[in-house]
Amino acid sequence: MTTPIPIVCPYCGVGCNLELSLDENGRPVKSRASGRNQELNVKYLCVKGFTVHELCNHEERLTQPYIRKADQLELVSWDEAIQFASQRLKEISSKFGAESIGMLCSGKVLNEEAYLSQKFQRAVIGNNHVDNCARLCHGPSEEALRRQLGYGAVSTFLEDYDATETVFLVGAHTTFTHPVIWMSVKKRAKKGGLNLILADPRETDLVKNAAVHLNVKPGMDIFWINALLKIIIEKGWQDREFCEKQTIGFKAICKALEHFDIDAACSRAGIKREELEKAAELIHDKKTIFIWGMGLTQHAHGTDNVTALVNLALLTGNIGKPGCGLSPLRGQNNVQGAGDMGALPNQLAGHMEVGDEAARVHVGALWGTDLPSKPGLAAPEMIHDIASNKIRALYVIGENPAVSEPQSNFVTWMLQKLDLLIVQDIFPNETSKYAHIVLPAATVGEKDGTFTNAARRVQYTAAGLKPPGTAKADWHILTEMANAMGASWQYTSSADIWEEIRKAAPVFSGITHERLKESPGIFWPCYDESHPGTPRLYEDGFGFRDRRARFLPVELPDTLIEPTEEYPYMLITGRLLEHFNTGEMSRRTTKLSKLKPASYLDMNPQDTVAAGLSENDIVRMTSPYGSVELPLKIESSLQRGYLFAPIHFSEPNFNSLMSAVPMDPKARMPALKVIPVKLQKVK
């Protein structure tokens, strides 16, 4: 019997441990929960986890490099592909400057590979134009948490869910997005063991276990959160000792809310004051964990939304204590790790700022080069700067901007305008259609290294499978690319890279591959090999010189995306249990494709009747930026005036309806969650 391969699931940010069972030929035939991580998923997996082996075996896996010749992608050798790619990058850099080249890094590659991605961009190319998929989901969370607490990361961990008394869930459908984690929370809510406060415009399955359901209007979060802050202050329910001894800015918050109209804010948000007062009671003197998803972040004022929620946690003293904390639901298996490793335009590995001279000198000495000091472009900015010829080349690793970025028709136009587009991935996708070079990468089980889950738990994932054809690990490809451009990287394994990470970023100094292989994972920060890790952040103070957290008042937004007479409905986008992100992985598995084979549009029953529409009608949905056609489904969980569609399908691509402006000025993230639309029956 061939020994199963223990891996970390490549889907969401929970980081479930599973194993791949192999046949006599060494190919994976089954994915199952191994039970080896008793601190995380134990023996449980969601429906996606049980299908991971299908990704490794799929017939559409990229197996050999391609180069575009005479407008067609043709198979070539690795030597030819690397030589051509490196030569073109050098030519473009020489002619237009290093600033003309950008990189998009995946939230699914290993930590070691994300680290090399940003090292390649900074040390080999020579700029900070590197970004990852967090830009389009929890970029606002990272920004707000970093500014107010010190780290752009989750502060709590699973054991806190056993100790908490109240869970406040905002803008997320956790049954679908993070089912294994939510299963334990829901069990406690069912038994009356905790209070669940839910803020969501949809009436999902979570409502039946909620003590309070705030049926808020999408994008109106600052209104009701500020109203809740004012209610707590008026009742004197704030944690006075915590505010006085562990924060700064409390008086500024009180002054900012002095003349705030609670009733007007509730009306604007579409909820009743009594509901907010009930929510305040369930937080008062109770250990509370605040959880949120992209319903809070994917707006032009997403950073302010998260800032307001952090203010609420600070006001009630619910950070840095057992049963308390802040938890943005990170979507991809290593999106936390990608940011940790410095795949961001303004940060180096270990959450050190690009603008910090000492950090640049430290890392530069390790790399043997001077690091650029000017912060780079965010992903949406890179796409837009193609139009003005400021960006001439784009190196895309494990991302699919043709589908994931807003105004996708514009994005595909820009991709075709590039002098050089390099796509490195495990499958062909919508973006690779426009590539000049396509490089085949290895996936989970075919390479070893580390992933960091949403809660900062660093875990080891093993190798044992042979990549298909001549596909290579991303770190191997990056090493060959760097050396072809004149570097002298000597990495022979992911362990070599991790040892450099430990030197570059002090928060990982105590974590080794050997420790991870013998443990259920280690939470950073971990400063030496005797350090147990830090499951709960901020127990000993916050990440600033004065060790105090920051209240930051937020004003009501000037720009809101709302329906109009011409576009009377609001489209909300979201996720399904059966699929994942742009669907390039999940739609290639037999079981998941059977469960949800195609896209659709949900509409309130009364709205359906009023519009003269019926179940399964094909409708044309039009926003100010584009149109798509798809079948209609009747769904009673929606409020009147709202529509819902899943994001996992390239046909139709709902991001063709979205606008790249307005953009969150702090997180540099476009509004992807809602857009006003109109409907027309096609057949």
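Below is a short write-up of the structure. (Residues numbered from 1 in each chain as written. Predicted model: local features only at pLDDT ≥ 70, side-chain atom pairs only at ≥ 80, totals over all residues. Heavy atoms only, no water.)

For the protein, the helix and strand inventory stands at 24 helices and 30 strands. Since a compact globule built from 683 residues should have a radius of gyration of about 26 Å, the 24 Å found for the protein is in line with a globular shape. Across its three principal directions, the C-alpha atoms of the protein cover 70 × 65 × 55 Å. Counting the 683 residues in the protein, one finds 63% classified as buried. Considering only intrachain contacts with a sequence separation of at least 6, the fraction spanning at least 24 residues in the protein is 74%. If you sum the accessible surface of the protein, you get close to 24700 Å²; carbon and sulfur atoms cover 48% of it. With 75 positive and 80 negative side-chain charges, the protein shows a spacing of 2 Å between the two charge centroids. (Helix = DSSP H or I, 4+ residues; strand = E, 2+ residues; numbered from the N terminus. Rg over C-alpha atoms; globule rule 2.2 N^0.38 Å. Buried < 20%, exposed > 50% of the residue type's maximum accessible area, 1.4 Å probe, protein only. Contact = heavy atoms within 4.5 Å. Areas by Shrake-Rupley, 256 points an atom, 1.4 Å probe, with all protein chains shown as cover. Lys, Arg positive; Asp, Glu negative; His and termini not counted. Charge placed at Lys NZ, Arg CZ, Asp CG, Glu CD.)

For the structure shown, the criterion picks out 39 salt bridges. Residue Glu446 is joined to Arg61 by a salt bridge in which the shortest nitrogen-to-oxygen separation is 2.9 Å. You can see Glu446 sitting in the loop between β18 (437–440) and β19 (449–452) and its partner Arg61 sitting in the loop between α1 (52–57) and β4 (66–69), a full 385 residues away along the chain. The class of Glu446 is buried, set by a relative accessible area of 7%. Take Arg61: its relative accessible area is 5%, and that puts it in the buried class. A cluster of three or more residues bridged by salt bridges with shared partners is formed by Lys230, Glu234, Asp263, Arg273 and Glu277. (Salt bridge = Lys/Arg side-chain N within 4 Å of Asp/Glu carboxyl O.)

We now examine the sheet that holds strand β1 (residues 5–8). Pairing within the open sheet is antiparallel, and its 3 strands lie in the order β1-β2-β3. Among the strands making up the open sheet, the edge pair consists of β1 and β3 (28–33). Within the sheet, the average angular offset between the axes of one strand and its neighbour, ignoring direction, is 30°. Judged from the 5 bridges that link them, strand β2 (residues 17–22) and β3 form a sheet pairing that is antiparallel. Residue pairing for β3: Glu19 is matched across the bridge by Arg32. (Pairing = 2+ DSSP bridges. Axes fitted to C-alpha atoms, helices over the stretch in contact; angles between N-to-C directions.)

For helix α16 (residues 357–367), the complete set of buried residues consists of Ala359, Arg360, Val363, Gly364 and Trp367. In a view along the axis of α16, the buried residues occupy a sector of 125°, so they form one face of it. In α16, the exposed positions angled more than 90 degrees off the buried face are occupied by Glu357, Ala358, Val361 and Ala365. In this fold, the buried residues of α16 make contact with α3 (111–125), β14 (347–348), β15 (352–353) and α21 (494–504). With a side-chain oxygen lying 3.0 Å from the backbone nitrogen of Ala358, the N-terminal cap of α16 falls on Asp356. Taken from the residues just after α16, Gly368 is the one with a positive phi, measuring 75°. (Arc of directions from axis to C-beta. Polar contact = N/O pair within 3.5 Å; in protein donor to acceptor, adjacent residues only side chain to side chain.)

Attention now goes to the packing of aromatic side chains. Within this structure, the stated rule accounts for 14 aromatic pairs. Note on Phe250 and Phe551: the rings are 6.0 Å apart at their centroids and 50° apart in plane angle, and the pair reads as tilted. One end of the pair, Phe250, is in helix α10 (residues 250–256); the other, Phe551, is in the loop between β22 (549–550) and β23 (569–574), with 301 residues separating them in the sequence. Assessed through its relative accessible area of 17%, Phe250 is described here as buried. Residue classification places Phe551 among the buried residues on the basis of a relative accessible area of 4%. Here a set of aromatic residues connected by ring pairs shows up, and it is made of Tyr151, Trp498, Phe508 and Trp524. Over the aromatic face of Trp524 sits the side chain of Arg456, whose NZ or CZ is 5.7 Å from the ring centroid. (Phe/Tyr/Trp six-rings, centres within 6.5 Å; stacked < 30°, edge-to-face > 60°. Lys NZ or Arg CZ within 6 Å of the ring centre and 35° of its normal.)

Relative to the elements of secondary structure, Val42 occurs in the loop between β3 and α1. Not counting residues up to four positions away in its chain, the partners in contact with Val42 are Ala33, Gly35 and Asn37.

When you line up the elements, Thr307 lands in helix α14 (residues 302–315). The buried category is assigned to Thr307, whose relative accessible area is 1%. A C-alpha to C-alpha distance of 7.5 Å links Thr307 and Leu145, two positions 162 residues apart in sequence. The residues touching Thr307, leaving out its near neighbours within four places in the chain, are Ala144, Arg147, Gln148, Leu552 and Val554.

A few words on the sheet that holds strand β27 (residues 642–646). Here we have 6 strands rolled up into a closed barrel, ordered β23-β27-β24-β26-β25-β30, and mixed in their pairing. Averaged over neighbouring strand pairs, the angle between their axes works out to 45° when direction is ignored. Taken together, the 3 bridges between strand β24 (residues 601–603) and strand β26 (residues 626–634) define a ladder with parallel strand orientation. Bridging from a neighbouring strand, Leu601 pairs with Leu632 of β26.

The next point concerns the nonpolar core. If you look at the biggest cluster of nonpolar residues, it comprises 166 residues, and the most contacted ones within it are Phe120, Leu149, Phe168, Trp224 and Tyr395. A total of 10 residues in this core trace back to one element, the largest contributor, which is helix α8 (residues 221–235). If we ignore the near neighbours within four places in the chain, the residues touching Tyr395 are Gly102, Met103, Leu104, Phe120, Ile422, Gln424, Leu439, Ile477, Leu478 and Met481. Within the second largest apolar cluster, 20 residues are counted, among which are Leu601, Met603, Val628 and Val677. (Core = buried A, V, L, I, M, F, W, Y, C linked by side-chain atoms within 4.5 Å.)

Further remarks concern the pairing of strand β8 (residues 166–170). Of all the 5 residues making up β8, 5 are buried; the element is thus mostly covered by neighbouring parts of the structure. Burial of the side chains of β8 extends over both faces: Thr166, Phe168 and Val170 are buried on one face and Val167 and Leu169 on the other. In the sheet, β8 pairs with strand β9 (residues 195–199) via 5 bridges, with the strands oriented parallel. Bridging across to β9, Val170 finds its partner in Ala199.

Looking now at α3. In a regular helix each residue adds 1.5 Å, so 15 residues correspond to 21 Å; α3 covers 20 Å between its end C-alpha atoms and thus fits that length. At Lys119, α3 is deflected by roughly 30°, the largest bend along its length. Counting buried positions over the 15 residues of α3 gives 13, a clear majority of the element. Downstream of α3 by one or two residues, Gly126 has phi in the positive range, about 105°. (Expected span 1.5 Å × (residues − 1). Bend = angle between axes of the 7 residues up to and from the residue.)

Turning our attention to the side chain of Thr573. Within the secondary structure, Thr573 sits in strand β23. A distance of 3.3 Å separates the side chain of Thr573 from the backbone oxygen of Leu672, its partner in a polar contact.

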